[in-house]
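Residues per chain, in single letters:
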Amino acid sequence: MRIGELAAVVGVTTRAVRHYHHLGLLPEPERRANGYREYGLRHAVVLARIRRLTELGLGLAEVRDVLADDAGKDLVEVLTELDEDLARQEAALRERRARLRTLLDAEGGMPAEGPVSPELAALFAGTSHLSDSPMAVKDREIIAFLETAMPAEDRERLVASVGEALGSPGAMERAAAAYALLDGLAGAEPDDPRVEGAAVALAGCIPPGLFPEAGELDPDDGFLRAFYDDLAPAQAEAVRRTLRILAEERR
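We now turn to the structure provided with this report. Keep in mind it's a predicted model, so treat the numbers as computed, not measured.

1. Points about the overall build of the protein chain
Okay, step 1: If you tally the helices and strands in the protein chain, you get 12 helices and zero strands.
Okay, step 2: For the protein chain, the α and β elements follow one another from N to C terminus as α-α-α-α-α-α-α-α-α-α-α-α.
Okay, step 3: For the protein chain, buried positions account for 33% of its 251 residues.
Okay, step 4: Long-range contacts, defined here as pairs at least 24 residues apart, represent 58% of the contacts in the protein chain between residues at least 6 apart.
Okay, step 5: Total accessible area computed for the protein chain in this model is approximately 15500 Å², and 54% of it derives from carbon and sulfur atoms.

2. Considering the pattern of salt bridges
Should the charged atoms of two oppositely charged side chains come close, the side chains can pair.
Okay, step 1: Scanning the entire structure with this criterion turns up nine salt bridges.
Okay, step 2: Across the salt bridge formed by Arg37 and Glu28, the nearest N and O atoms sit 3.0 Å from each other.
Okay, step 3: Among the ionic pairs, Arg51 bridges to Glu55, the shortest N-O distance being 2.8 Å. A residue pair is termed a helical-turn pair when its members lie 3 or 4 positions apart in one helix, as Arg51 and Glu55 do in helix 3 (residues 41-55) at four residues.
Okay, step 4: Here Arg51 falls in the partly exposed class, since its relative accessible area comes to 31%.
Okay, step 5: Residues joined in a network through salt bridges with shared partners are Glu196, Glu237, Arg240, Arg241 and Arg244.

3. Re the packing of aromatic side chains
Okay, step 1: Scanning all chains against the criterion turns up one aromatic pair.
Okay, step 2: For the pair Phe227 and Tyr228, a centre-to-centre distance of 6.0 Å together with 40 degrees between the ring planes defines the contact as tilted. Here Phe227 matches Tyr228 in class, with each residue buried.
Okay, step 3: Just above the ring of Tyr36 sits the side chain of Arg2; from NZ or CZ to the centre is 3.9 Å.
Okay, step 4: A cation sits over an aromatic face here: Arg240 above Tyr228, 4.2 Å from the ring centre.

4. Quick word on the environment of Met1
Okay, step 1: Note on placement: Met1 falls in the segment before helix 1 (3-10).
Okay, step 2: Classification of Met1 as partly exposed rests on a relative accessible area of 27%.
Okay, step 3: With residues near it in sequence (within four places) discarded, Met1 still touches Leu6, Val9, Arg37, Glu38, Tyr39, Gly40 and Ala44.

5. Re helix 4 (residues 60-68)
Okay, step 1: For helix 4, the full list of buried residues reads Val63, Val66 and Leu67. Viewed along the axis of helix 4, the buried residues span an arc of 95 degrees, placing them on a single side of the element. In this structure, helix 4 carries Asp65 and Ala68 as exposed residues pointing more than 90 degrees from its buried face.

6. Structural notes on a negative patch on the surface
Okay, step 1: On the surface, Glu62, Asp65, Glu77, Glu81, Asp83, Glu84 and Glu90 cluster together to form a negatively charged patch.
Okay, step 2: Listing elements by their share of the negative patch, those giving two or more residues are helix 4 and helix 5 (75-105).
Okay, step 3: Sorting elements by how many residues they give to the negative patch places helix 5 first, with five residues.
Okay, step 4: With respect to the helices and strands, the residue Asp65 is situated in helix 4.
Okay, step 5: By relative accessible area, Asp65 is classed as exposed at 52%.

7. Points about the nonpolar core
Okay, step 1: Counting 23 residues, the largest nonpolar core has Leu185, Tyr228 and Val239 as its most contacted members.
Okay, step 2: Put simply, the parts of the chain that give this core at least two residues each are helix 7 (134-149), helix 9 (171-183), helix 10 (194-203), helix 11 (222-229) and helix 12 (233-249).
Okay, step 3: If you tally residues by element for this core, the top one is helix 12, at six residues.
Okay, step 4: Setting aside anything within four residues of it in sequence, one finds Val239 in contact with Met135, Leu202, Phe227, Tyr228 and Leu231.
Okay, step 5: Residues Val17, Ala44, Leu67 and Leu82 belong to the second largest nonpolar core, which totals 20 residues.

Cut-off values and rules
Residues numbered from 1 in each chain as written. Predicted model: local features only at pLDDT ≥ 70, side-chain atom pairs only at ≥ 80, totals over all residues. Heavy atoms only, no water. Helix = DSSP H or I, 4+ residues; strand = E, 2+ residues; numbered from the N terminus. Buried < 20%, exposed > 50% of the residue type's maximum accessible area, 1.4 Å probe, protein only. Contact = heavy atoms within 4.5 Å. Areas by Shrake-Rupley, 256 points an atom, 1.4 Å probe, with all protein chains shown as cover. Salt bridge = Lys/Arg side-chain N within 4 Å of Asp/Glu carboxyl O. Phe/Tyr/Trp six-rings, centres within 6.5 Å; stacked < 30°, edge-to-face > 60°. Lys NZ or Arg CZ within 6 Å of the ring centre and 35° of its normal. Arc of directions from axis to C-beta. Patch = residues over 30% accessible without salt bridge, like charges linked within 9 Å, V, L, I, M, F, W, Y side chains within 5 Å. Lys, Arg positive; Asp, Glu negative; His and termini not counted. Charge placed at Lys NZ, Arg CZ, Asp CG, Glu CD. Core = buried A, V, L, I, M, F, W, Y, C linked by side-chain atoms within 4.5 Å.

Given below as structure tokens:
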């Protein structure tokens, strides 16, 4: 058989056959006097086995290991490991689909920040009336980022702290007032007299458990610098003063 005939018989491409030769999975056949490869039944059998193994999900390195063992004694072990891996993937897919369904079915729809936890999505839905505030929008983006970047335990604490704060009496009114003060600083300088009032108002909105180590925040932290750079100068100064206020309160 020529390479095209072999590929057609087994149901693969000639490119795949050449690739398997290159990797050493399929033995090179003898060549005729005219230089063409001449494939035999043994090549078709091996190629068919490669195809079956790859269709089961084995990587080519695993296929090589199986083919290297003439007795095939390791095949059962390899396929058992593959079955266990597929079972883990199925469980992960079921979990991901359940999370997606929760997000798609959530009251208020998908938040503008994209897929977040159902708990955080519910909190965002309850503060949608604040979305006219540019500072509130930034705040939501940061909270969504932190939920993604934090370890699972810290994520739960973050969402619980925000939920507890927003659920306290007058919390929404205080948040709206603080955001209005911060929005008003968009074109102001750091020494603007309104900065102190905005900082005090913002400190009154931040849940106690959100920054338990506020006094130990590193001013040279890359994320903190990037956060300040994304704000107007007066807004950044207000946030800095807010963190100092929180640090004093926790001493």
